[in-house]
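# Close look at the chain arrangement
Single-letter residue listing:
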Amino acid sequence: MGRKQAIVIGAGIGGLAMGIRLQSLGFDTTIVEMLDAPGGRAYVRKADGFTFDMGPTVITVPHFIEELFSLERDKAALTQDDFPTEIVDESKRIKSGISGGPNTSRYVKIVPVLPFYRIYFDDGTFFDYDSDPENTRRQILELGEPGDLEGYHRFHAAAKAVFERGFLELGYTHFGSVGSMLKVVPELLKLDAVRTLFSFTSKYFKSDKLRQVFSFEPLLVGGNPLSVPGIYAMIHFVESTWGIHFAMGGTGALVSGFVKKFEDLGGKIIYNAKVSKINVTKENGKKVVQGITLADGTVMQADAVVSNADWATTYGKMIESKYRFWNSDLRVKVTQQSMSVFVMYLGFKADGNENAKLRHHSIILGPRYEELLKDIFGRKIMPKDYSQYVHLPTLTDPSLAPEGHHAAYILVPVPNNASGINWDETGEKLKDKVLTFMDERGYLPNIKERLVHCSYITPDYFENTMMAHIGNAFGPEPTLIQSAFFRPHNRSEDIANLYIVGAGTQPGAGTPSVMMSAKMTARLVAEDFEVAPEIVGGTSETKEPSLV
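Source: prediction; values computed, not measured. (Residues numbered from 1 in each chain as written. Predicted model: local features only at pLDDT ≥ 70, side-chain atom pairs only at ≥ 80, totals over all residues. Heavy atoms only, no water.)

### A look at the pattern of salt bridges
Per the stated rule, a full pass over the model turns up 33 salt bridges. A salt bridge links K203 to D192, with the shortest nitrogen-to-oxygen separation between them at 2.7 Å. Highlighted residues: K203 in the loop between α7 (197-202) and α8 (208-213) and D192 in the loop between α6 (185-190) and α7, separated in sequence by 11 residues. Its relative accessible area of 35% is what places K203 among the partly exposed residues. (Salt bridge = Lys/Arg side-chain N within 4 Å of Asp/Glu carboxyl O. Helix = DSSP H or I, 4+ residues; strand = E, 2+ residues; numbered from the N terminus. Buried < 20%, exposed > 50% of the residue type's maximum accessible area, 1.4 Å probe, protein only.)

As structure tokens, this is what we get:
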């Protein structure tokens, strides 16, 4: 009997991770990608000798990456402990050298980044977020209000409790039923993890600056600190336990590593292959996936289809409404989508002082915090001011730019296209505003005169090129009522053998989460297709690293 056939729609990090998982489960898997290269939101732009990661730039939990690179054909390792004791030890976090595991290092070189972030406030003061206990306490005393240091110790303890229960114990839980969620609600209430993160943080800090420092991180995965549940406080411990890392060559190098691993396992990728339809039939009154139809009319049969495309686009545009009940047009319409982003890609001549203010990852907060978030997520208007994330990877990896130059990426959170903003007009104005700000505030002095390359993307890129509903950048917004059971399910409730993977489904957006999503979904596939236990639990030997 031949192997089962699987199709994955989209070669984003979630899709590639899912392809690797399916190959390890014994499927013959084909990934179809509408773009001309892999990565999805992690697509790579090359121009004028510069290499730019267009999307994710923050890598954490190297263990998840090592898991994927360790898989072998017909050895899925899905019954192993998700968090072995030896990796849940903050004292073992790698702070220098190579931070990728031995199997990872056969495909890509990953190194730690310190500080994790430098966070600038509008008055020019800053906080180096690096999880060093002494440095953290010193900065809290310098920037905080009386009592904030004691508050930090209480926050640390509370965040640790949320991390241990919400991430280590429940992180891989697929909330596919109301009962699965109701079981954990009392504990989350006890941990105070259902109030909003900003409210959770404000309990422990009086200083507005420290409230921002310890609540901003959900913005990196499309979440509003004013509305995401307090369980997101666990990000503090995810980072302090495993650190922040960088793939030499950029996130695109990690994507290339995943592609090679997938192909090493026998998988196939087809580029320039846009899906127009997910084919469904009825068998004995049951709706079952058949395969896909490409935009050019090609029909591809499959026993299982996994979509790494935008959740709203998958159901709203790829599947006929007659086959959908739980994921109806109405649900797609009323689901709140995450914010979007305006991202600038800069190539410029070095002046030797780039690291005077900036670090590899820098957060530059504007004069407003709560009101700015309300503009972006609630009022959906173009704010009069903004905050920004600056990625300057050439401080770590000079190879991303020609000699004597730097490559940078500046991300500004903005409303999604429900705002009605005309980005053809607004994009150029915002570009000039950002460049002027970076010059006048001294973050990148004389940047306009030093520019060799400047391009940008807006929410229109996400809507029209990435096919993301109303230009969202991170899928459904992770509010309390769109989390756990209420977040789109990895196993379709409407159609048998159809699955969703990536940022739009459980557990959520962010590079670690989409890799977790792939593992959770692989377990559902193994269950549904009754994959042999020796394959589901099969493991391989760790190989010696090779960077050749």
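Having seen the model, we can carry on.
### Some words on the packing of helix α1 (residues 13-24) against helix α10 (residues 251-264)
In contact at an axis separation of 9 Å, α1 and α10 are set at 25° when each is read in the N-to-C sense. Relative to α10, the element α1 lies roughly parallel. The way α1 lies across α10 gives a crossing that is left-handed. Where α1 abuts α10, its residues I13, L16, G19, I20 and Q23 lie against T251, V255, F258, V259, K261 and F262. Of the residues assigned to the contact of α1 with α10, the class counts are 7 nonpolar, 3 polar and 1 charged. (Axes fitted to C-alpha atoms, helices over the stretch in contact; angles between N-to-C directions. Parallel < 35°, antiparallel > 145°, perpendicular 65-115°, else oblique. Left-handed = near helix turned anticlockwise from the far one by under 90°. Contact = heavy atoms within 4.5 Å. Nonpolar A, V, L, I, M, F, W, Y, C, P; charged D, E, K, R; others polar.)

### Observations concerning the sheet that holds strand β12 (residues 299-301)
The strand order β10-β11-β12 describes an open sheet built from 3 strands, whose pairing is antiparallel. Whereas interior strands pair on both sides, the edge strands pair on one side only; in this sheet they are β10 (275-283) and β12. Along the sheet, successive strands turn relative to each other by an average axial angle of 35°, direction set aside. Bridge count for strand β11 (residues 286-294) against β12 is 3 bridges, and the pairing is antiparallel. Across the sheet, residue I292 finds its bridge partner in β12, namely M300. (Pairing = 2+ DSSP bridges.)

### With respect to the environment of I94
Counting through the fold element by element, I94 comes out in the loop between α2 (62-70) and β5 (110-112). When near neighbours in sequence (up to four residues on either side) are disregarded, I94 contacts S99, P112 and H245.

### Looking at α1
Across its 12 residues, α1 extends 17 Å between first and last C-alpha, which sits within 8% of the 16 Å expected from 1.5 Å per residue. Counting buried residues in α1 gives 12 out of 12 residues, a clear majority hidden from the surface. Buried residues of α1: I13, G14, G15, L16, A17, M18, G19, I20, R21, L22, Q23 and S24, and no others. G26 sits one or two residues past α1 and shows a positive phi near 100°. (Expected span 1.5 Å × (residues − 1).)

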